[in-house]
Amino acid sequence: MTVFKTFLKVLNKCKFSVILNTVILLIFAGANMTISDTQVSFEAEKPDILIVNQDVSIGITQNLTKYLEENCEIIDVKDNEDAINDALFYRDVNYVIYIPQNYRQDVLKGEKPEIQIKSTGDYQASYAEMLLARYVKVQNIYVEEMAKQAEKTVIDEKLENQVIEKINETISKETQVEMTSKLDTTGLEKATFYYNFANYTLLAGAILVICLILSSFHEERIRKRTIVSSMKYQKHNRILLLGNGLFALVLWLFYVLISFFVVGNVMFSIQGLIYIINSFVFTLCALTIAFLVGSIINNKNAMNGIVNVIALGSSFLCGAFVPVEWLPDTVLKIAHILPSYWYIQSNELIKTIEEFSLETLKPIMINMGVVLLFSIGFIIVANLIERKKRKIA
């Protein structure tokens, strides 16, 4: 009981560190929660194009230019190559289409005249290229089919009109896209970011506070008193571990409660429950890491440096600050040796689960198991270090 009372007194002096880490979490989490719309939608933006028509604007050629005008924004540029190149360079135009001379006649003969283009190479230019390729492909199919049916090598004006009707009928059809996923993707992204970032706050809070507490118990005067007392080091460590565990539990509960306000309705779902369980498992691991570090380091002035190395380092390497998909494969391979990697991987998996079954939850349970194994390993090492220190003393 004496050990526990002393623990609470020291903990009271460390409350500022807990408050500071909480403020950091709220600032960064709040900055990521600015998007509140939970609906996923897509609207194609018309690309800016220039049509240089070197053919007569009738029939097939006229229909091509009409199609492009309906689906793109037509930009007027002076009819010289320098002006066109300048427009492309300054992104006034995304895509330039050169319709060659005799384009209509060549198409009606069954030939496939090449349409020259210039492009900025951006996503709008790619969209314009897709539109053009779609039209030309449909056009060539109907010209070839109509010529076979009429048993002619050159399509006359009457058949040309039929080809144009077929082309327009086909390209006017739009595919209705139905979102089959019922996941609140925006809400889950928020929750994933929050709990990924909690990797830093849980580690930093646990290591800094617990190490400061342990360093107080490891002061030479107090340590010698403990050694000569009748209390066994296993019991002494167990009381400290339980006291630190109580602090870690309160810290975890505090951050979980904050998540209900910051993240929102997702936390009331099954995914939210798994986020909470996963964070609890990681909190146990953070506790054991702090206990191990506190057993090794007794210098209070070095604590901030230790926090930066462990909490910041693992957060950057494992994807707490930077999305996992942006990290190089080499970095992720190195991150496998850190418990933070397995914790964050579980968070990334949670946001993709639509149906809950043993199969979908198995990877998350394996990751949690790995984190628990890390925790057991840290405790064993901490006890070995404490036993060695007592023998030396």
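Look a little higher up for the structure.
(A) Main features of the environment of Leu-208. Within the element layout of this structure, Leu-208 appears in helix 8 (residues 185–217). As for Leu-208 and Gly-294, which are separated by 86 residues in sequence, their C-alpha atoms are 9.1 Å apart.

(B) Broad picture of empty space enclosed by the protein. Tallied over the entire structure, the rule returns two cavities of 30 Å³ or more. Volume-wise, the second largest cavity comes out at about 30 Å³. As for the second largest cavity, its lining consists of Tyr-195, Ala-198, Leu-202, Trp-252, Tyr-255, Val-256 and Ser-279. Going through the elements one at a time, helix 8 and helix 10 (233–262) are the ones with two or more residues in the lining of the second largest cavity. Its residues assigned to classes, the lining of the second largest cavity shows six nonpolar, one polar and no charged.

(C) Looking closely at the side chain of Thr-192. With respect to the element layout, Thr-192 can be found in helix 8. Thr-192 sits in the buried class, given a relative accessible area of 2%. Look past the residues within four positions of Thr-192 in its chain and what remains in contact with it is Tyr-275, Asn-347, Glu-348 and Lys-351.

(D) Fine view of the packing of aromatic side chains. For the structure shown, the criterion picks out 15 aromatic pairs. An angle of 45° between the planes, with centres 5.2 Å apart, marks the rings of Phe-197 and Phe-321 as tilted. Within this pair, whereas Phe-197 is found in helix 8, its partner Phe-321 is found in the loop between helix 12 (303–318) and helix 13 (329–335), the two being separated by 124 residues in sequence. Take Phe-321: its relative accessible area is 22%, and that puts it in the partly exposed class.

(E) Spatial organisation of the sheet that holds strand 2 (residues 73–74). Pairing within the open sheet is mixed, and its four strands lie in the order 2-1-3-4. The two strands at the open ends of the sheet, each matched to only one other strand, are strand 2 and strand 4 (116–119). For strand 1 (residues 48–53) and strand 2, the ladder comprises two bridges, and the chain directions are parallel. Across the sheet, residue Asp-48 finds its bridge partner in strand 2, namely Glu-73. Contacts from helix 3 (residues 59–71) reach strand 1, strand 2 and strand 3 (95–99) within the one sheet, and its direction differs from that of strand 1 by about 165°. The sheet strands contacting helix 4 (residues 81–89) are strand 1, strand 3 and strand 4, and the helix crosses strand 3 at an angle near 145°.

(F) Layout of helix 3. With 13 residues, helix 3 ought to run about 18 Å at 1.5 Å a step, and its terminal C-alpha atoms sit 19 Å apart, in line with that. Structurally, helix 3 contributes buried residues whose contacts are with strand 1, strand 2, strand 3, helix 5 (103–108), helix 6 (123–150) and helix 7 (157–171).

(G) Highlighting a nonpolar patch on the surface. Residues Leu-246, Leu-249, Val-250, Leu-253, Phe-280, Leu-284 and Leu-372 make up a contiguous nonpolar surface patch of roughly 530 Å² in combined accessible area. Those elements that place two or more of their residues in the nonpolar patch are helix 10 and helix 11 (270–296). Among the elements that take part in the nonpolar patch, helix 10 stands out by supplying four residues, more than any other. Within the element layout of this structure, Leu-253 appears in helix 10. The exposure class assigned to Leu-253 is partly exposed, which follows from its relative accessible area of 40%.

Reading the values: the criteria
Residues numbered from 1 in each chain as written. Predicted model: local features only at pLDDT ≥ 70, side-chain atom pairs only at ≥ 80, totals over all residues. Heavy atoms only, no water. Helix = DSSP H or I, 4+ residues; strand = E, 2+ residues; numbered from the N terminus. 1 Å grid on protein atoms, 1.4 Å probe; cavity = no way out; pocket = protein on both sides within 12 Å on 5 of 7 lines; lining within 4 Å. Points joined across faces, edges and corners; volume = space filled by probe spheres on them. Nonpolar A, V, L, I, M, F, W, Y, C, P; charged D, E, K, R; others polar. Buried < 20%, exposed > 50% of the residue type's maximum accessible area, 1.4 Å probe, protein only. Contact = heavy atoms within 4.5 Å. Phe/Tyr/Trp six-rings, centres within 6.5 Å; stacked < 30°, edge-to-face > 60°. Pairing = 2+ DSSP bridges. Axes fitted to C-alpha atoms, helices over the stretch in contact; angles between N-to-C directions. Expected span 1.5 Å × (residues − 1). Patch = residues over 30% accessible without salt bridge, like charges linked within 9 Å, V, L, I, M, F, W, Y side chains within 5 Å. Areas by Shrake-Rupley, 256 points an atom, 1.4 Å probe, with all protein chains shown as cover. Salt bridge = Lys/Arg side-chain N within 4 Å of Asp/Glu carboxyl O.

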